[in-house]
Structure formats: C-alpha cells, structure tokens
Amino acid sequence: MSVKEKKNSACFKTSIGGQALIEGIMMQGPKKRAIVCRGTDAHVVKVEAMKPLKEISPVLGWPFVRGVVGFISSMVNGVKAISYSAEQVPEEELGEPDKIDVWIENHFSDETAQKLIIGVAVVLGIALSLFLFLFLPTFIVGLFPGLKTSYYWRAVAEGILKIAIFLGYLVLCSKMKDMRRVFSYHGAEHKTIFCYEKGLPLTVENVRPQPRLHPRCGTSFLFVVIIISIIVGLFIRIPNTLGRVGLRLLILPVIVGVTYELNRWIGRHDNLLSSVLSWPGRQLQRITTNEPDDDMISCAIEALKLVIPEEEGSDAW
C-alpha cells in the first residue's frame, strides 16, 4: 500500500505501536524497535532488529497464544526501554537509586546487574498488578459474610472495586509531575501514529492537530482485561477467597488472550460496534495522555520513521 493509497483509505491501520518513556518514546514495527530520547544537545537514538514471534515458532503466532506471549514480551521490552531512557537522564536530575538496585550493582557485573534489575522490575510489576487488581478486591469483598455465597453480587462487588482501584491508580499517577510528562509523550505517540495511518507527511505541523485518543492503546487493553475478568467472575462459584484467587490466576492467560483478539478486531474496524467497544478505553486515555510539546512530537516522529518497514503495507494491522 503506497502513501497515496493510504491517504485515500480510511481503513489503514498500522501494527506499529509505541510506549512513552522517561523523556522519550519507543516505537516497535514488524522488524525493528527504536528508542528516541531527548538529549542535552540532540536526540539519543537506539535501534535494534527484532524477529516476529511467529517466525520464532509458528505456535507463538496462533490466535489467543500470541496475545499472552505478546503481553509478556511487551512487559519485558517495556521495562528494558524505560531502563535505557532513565540512563539518558542527567545525573543531577536523578534521585537516589533504590536499595535493591544498589545491592545488585554492588554484587554483580554491569551486564548481569542490568538483567537482574530488569527481571526484578518485571516481577515486582506483575506482583503489584496481581495484588491490586486480583487479590485485594477478592480479599476485601470476602470480608463481608453476606456476599460469600451470593456469587453474582460478590462478582459485581469485586468488579466495582477493580475498576475503582484502576481509576484511582491512573488518577494518582496523573498527579505526579514526572508522570505528567510521560503522559505527554504518550499523547505524542498516539498523534504520530494517527498521522502515519492517514498517510500524511510526518511533520510536527501535521502531527500536532491529530487526536490523542487511540483505540489500540495499552491502557484500553488493560481496561478490557478487567472488564472481561469481571464477566468471567460471574461464573465462579467458589466461596473461599484463596480458591477464587487461585482460579482467577489459572484463567488469567485465557482472559489476556481473548482480550488481545478482541482489541485486534476493534483496531481493524471502523463501525458502530467497534466504536462502542473502544469508547471506554478511549475515555481512560483522557487521564493517561496529555498534549505534547513540539520536541516530544519530534521524538515520536523520529522513532516512528526508524521502524517503518521497507516493504510498503507490511505493517498493516
């Protein structure tokens, strides 16, 4: 698909996606991943080749399986990218390092220490997410005897708590000064992808007026995971809190896989149903995205250009 064809096509959706970093942006295409960070005098750029999961093994490209594997992969690569972007921040702007990081750096080589720090960050991130959105709501609702055997209302109460915790977490993050800048880079990422999908030249002037709410955002993905988990919870008939948590853990990969396929369908279609299904996630992006400045947009443009495949149209969603 040529640029001209994309300009005349309202349905072109790219598989290129991104992530906001600390003073920078990561973009990932079919064959390459690029990080562009704001430097003192110029942008700091890192580009690496990547192999699609289905080329590593055909099984990894199967529906539902690809969602789970892709989710884990995106978490690991996301933490690596954030770690790299943090290294580009001038030392005078950095706070005191965590005690865990200091201990690891003092006991291991640089390469091993970096891998361990990333591994610890991924494990802690997963553990925190499971605690906040899986264990905590189930535990709190389980404290009310009247709800223990009323499975329908128990699932509803757990669902309300999950959504409240999720929204509260996002709002608290949005109030932090550093996170407000990250959310602005998030907005730059979305705007740049919209500009590319419309087939417009990637310039600051063309990117600036684009929407910052994108249907294929990670925020939307997480929200849909929560919604589907609530629906699944309506069918769980286990009164014991630990039993409910254990079963939810077992079916979590299935929920992630289903969510990925649903988001994939939503992202590829422009109709009434896809608009209705993507609406809640897009509204959440009013919290997780801010309007970027021109330099943030420049970072996003440069990162996107670096991952556009040579074969036109091979990045179609």
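The paragraphs below set out a description of the structure included in this document.

Thresholds, definitions, all that
Residue indices follow the written sequence of each chain, beginning from 1 at its first position. Local features in this predicted model are restricted to residues of pLDDT 70 or higher, and side-chain atom pairs are both shown and tallied only at a pLDDT of 80 or more, whereas totals for entire chains, interfaces and linings draw on every residue. Side-chain measures here rest on the full set of heavy atoms in the structure, leaving out hydrogens and waters. Note on conventions: DSSP H or I runs of at least 4 residues are helices, E runs of at least 2 residues are strands, and numbering of each starts at the N terminus. Taken over C-alpha atoms, the radius of gyration is set against a globule rule of 2.2 Å times the number of residues to the power 0.38. Any residue under 20% of the maximum accessible area for its type is buried, any over 50% is exposed, and the rest in between are partly exposed; the area is computed with a 1.4 Å probe on protein chains only. Contacts between residues were defined by any pair of non-hydrogen atoms, one from each residue, lying within 4.5 Å. Values of accessible area rely on a 1.4 Å probe in the Shrake-Rupley scheme; residue burial ignores everything except the protein chains shown. We call a set of buried residues a nonpolar core when its members are Ala, Val, Leu, Ile, Met, Phe, Trp, Tyr or Cys and they connect through side-chain atoms within 4.5 Å of each other. Surface patches are defined over residues having more than 30% relative accessible area and no salt bridge, joining like charges when they lie within 9 Å and nonpolar side chains (Val, Leu, Ile, Met, Phe, Trp, Tyr) when within 5 Å. Within this document, salt bridges are pairs made up of a side-chain nitrogen of Lys or Arg and a carboxyl oxygen of Asp or Glu, the two lying within 4 Å of each other. Counted as a polar contact is a pair of N or O atoms within 3.5 Å, where, for protein atoms, one must be capable of donating a hydrogen and the other of accepting one, and residues adjacent in sequence contribute only when both atoms are in side chains. Helix axes use the C-alpha atoms of the stretch in contact, all axes being lines fitted to C-alpha atoms, and the angles between their N-to-C directions lie in the range 0 to 180 degrees. An angle below 35 degrees is read as roughly parallel, one above 145 as roughly antiparallel, one from 65 to 115 as roughly perpendicular, and any other as oblique. Three categories are distinguished: nonpolar for Ala, Val, Leu, Ile, Met, Phe, Trp, Tyr, Cys and Pro, charged for Asp, Glu, Lys and Arg, and polar for the others, with Gly belonging to the last. Any Phe, Tyr or Trp ring, taking Trp's six-membered ring, that has another such ring centre within 6.5 Å forms a pair; planes under 30 degrees apart are called stacked, those over 60 apart edge-to-face, and the others tilted. Take the number of residues in a helix, subtract one, and multiply by 1.5 Å to get its expected span.

**Quick word on the overall build of the chain**
Next up, step 1: For the chain, the helix and strand inventory stands at 13 helices and four strands.
Next up, step 2: For the chain, whose C-alpha radius of gyration is 21 Å, the value lies close to the compact-globule estimate of 20 Å for 317 residues.
Next up, step 3: If you line up the chain on its principal axes, its C-alpha atoms span 60 × 55 × 40 Å.
Next up, step 4: Here the chain holds 317 residues, and the buried ones make up 39% of them.
Next up, step 5: The contacts of the chain with a sequence gap of at least 6 include a subset with a gap of at least 24, amounting to 68%.
Next up, step 6: When the accessible surface of the chain is summed, it comes to about 17200 Å², and 64% of that surface belongs to carbon and sulfur atoms.

**A short note on unusual backbone geometry**
Next up, step 1: The backbone of Glu23 shows a phi angle near 55 degrees, a positive value even though the residue is not glycine.
Next up, step 2: If you trace the backbone, Glu23 turns up in the loop between strand S1 (17–21) and strand S2 (24–28).
Next up, step 3: According to the relative accessible area criterion, Glu23 is partly exposed, its value standing at 22%.
Next up, step 4: The residue Phe64 is not glycine, and still its phi comes out positive at about 75 degrees.
Next up, step 5: On the secondary structure map, Phe64 appears in the loop between helix H2 (53–56) and helix H3 (65–87).
Next up, step 6: Residue Phe64 is classed as partly exposed on the basis of its relative accessible area, which comes to 46%.

**Observations regarding the nonpolar core**
Next up, step 1: With 24 residues, the main nonpolar core has Ile25, Met27 and Leu304 as its most contacted residues.
Next up, step 2: Those elements that provide at least two residues to this core are S2, strand S3 (32–37), helix H8 (177–197), helix H9 (204–207) and helix H13 (294–307).
Next up, step 3: Per-element accounting of this core gives the leading share, eight residues, to H13.
Next up, step 4: Discounting residues that sit within four places of it in the chain, Ile25 has contacts with Gln19, Ala34, Ile35, Val36, Tyr185, Ala188, Glu189, Met296, Ala300 and Ala303.
Next up, step 5: Core analysis: the next-biggest nonpolar cluster, separate from the first, contains nine residues, Phe133, Ile165, Phe223 and Ile226 among them.

**Examining a nonpolar patch on the surface**
Next up, step 1: Judged by side-chain polarity, Val59, Trp62 and Val65 come together as a nonpolar surface patch covering roughly 250 Å² of accessible area.
Next up, step 2: On the secondary structure map, Val65 appears in helix H3.

**Quick word on the side chain of Arg216**
Next up, step 1: For Arg216, the position within the fold is in the loop between H9 and helix H10 (218–233).
Next up, step 2: A polar side-chain atom of Arg216 sits 3.3 Å from the main-chain carbonyl oxygen of Thr14.
Next up, step 3: Each residue touching Arg216, except ones within four places of it in the same chain, is listed here: Lys13, Thr14, Glu197, Gly267 and Trp317.

**Considering the packing of helix H7 (residues 151–175) against helix H12 (residues 272–288)**
Next up, step 1: At a closest axis distance of 9 Å, the pairing of H7 and H12 adopts a crossing angle of 30 degrees. One way to sum up the angle between H7 and H12 is to call them roughly parallel. Here H7 contributes Phe166, Leu167, Leu170, Val171 and Ser174 to the contact with H12, which in turn contributes Leu284, Ile287 and Thr288.
Next up, step 2: Per-class residue counts for the contact of H7 with H12 are six nonpolar, two polar and no charged.

**So, the pattern of salt bridges**
Next up, step 1: Counted by the stated rule, this structure contains 15 salt bridges.
Next up, step 2: Between Glu197 and Arg216 there is a salt bridge, with its nearest N and O atoms 2.1 Å apart. Of this pair, Glu197 sits in helix H8 while Arg216 sits in the loop between H9 and H10, and the two are 19 residues apart along the sequence.
Next up, step 3: The buried category is assigned to Glu197, whose relative accessible area is 5%.
Next up, step 4: Judged by relative accessible area, Arg216 falls into the buried class, the value being 17%.

**Observations regarding the packing of H7 against H8**
For any two helices packed against each other, the geometry comes down to the angle between their axes and how far apart the axes lie.
Next up, step 1: Put simply, H7 and H8 touch, their axes get as near as 5 Å, and they point 100 degrees apart. When the interaxial angle is binned, H7 and H8 end up roughly perpendicular. Contacts between H7 and H8 involve Leu170, Cys173, Ser174 and Lys175 from the former and Lys177, Met179, Arg180 and Phe183 from the latter.
Next up, step 2: Within the contact of H7 with H8, the residues separate by chemical class into four nonpolar, one polar and three charged.

**What to know about the packing of aromatic side chains**
Next up, step 1: Applying the stated criterion to the full structure yields seven aromatic pairs.
Next up, step 2: Look at Phe131 and Phe135: their rings are 6.0 Å apart centre to centre, the planes differ by 25 degrees, and that puts the pair in the stacked class. Taken as a pair, Phe131 and Phe135 lie in helix H5 (residues 110–142) at a separation of four residues, close to a single helical turn.
Next up, step 3: A relative accessible area of 39% means that Phe131 is categorised as partly exposed.
Next up, step 4: Relative to Trp153, the ring of Tyr152 lies with its centre 5.1 Å away and its plane at 85 degrees, an arrangement referred to as edge-to-face.
Next up, step 5: The structure contains a cluster of three or more aromatic residues connected by ring pairs, namely Phe131, Phe135 and Phe139.

**Considering H13**
Next up, step 1: Between the first and last C-alpha of H13 there are 20 Å, a value that for 14 residues agrees with the 20 Å anticipated at 1.5 Å per step.
Next up, step 2: Summarising the contacts, the buried residues of H13 are in contact with S2, S3, H8 and H9.
Next up, step 3: Backbone nitrogen of Asp295 and a side-chain oxygen of the N-cap are separated by 3.1 Å at the start of H13; the cap is Asp293.

Such coordinate-based values are descriptive only and should not be taken to indicate function.
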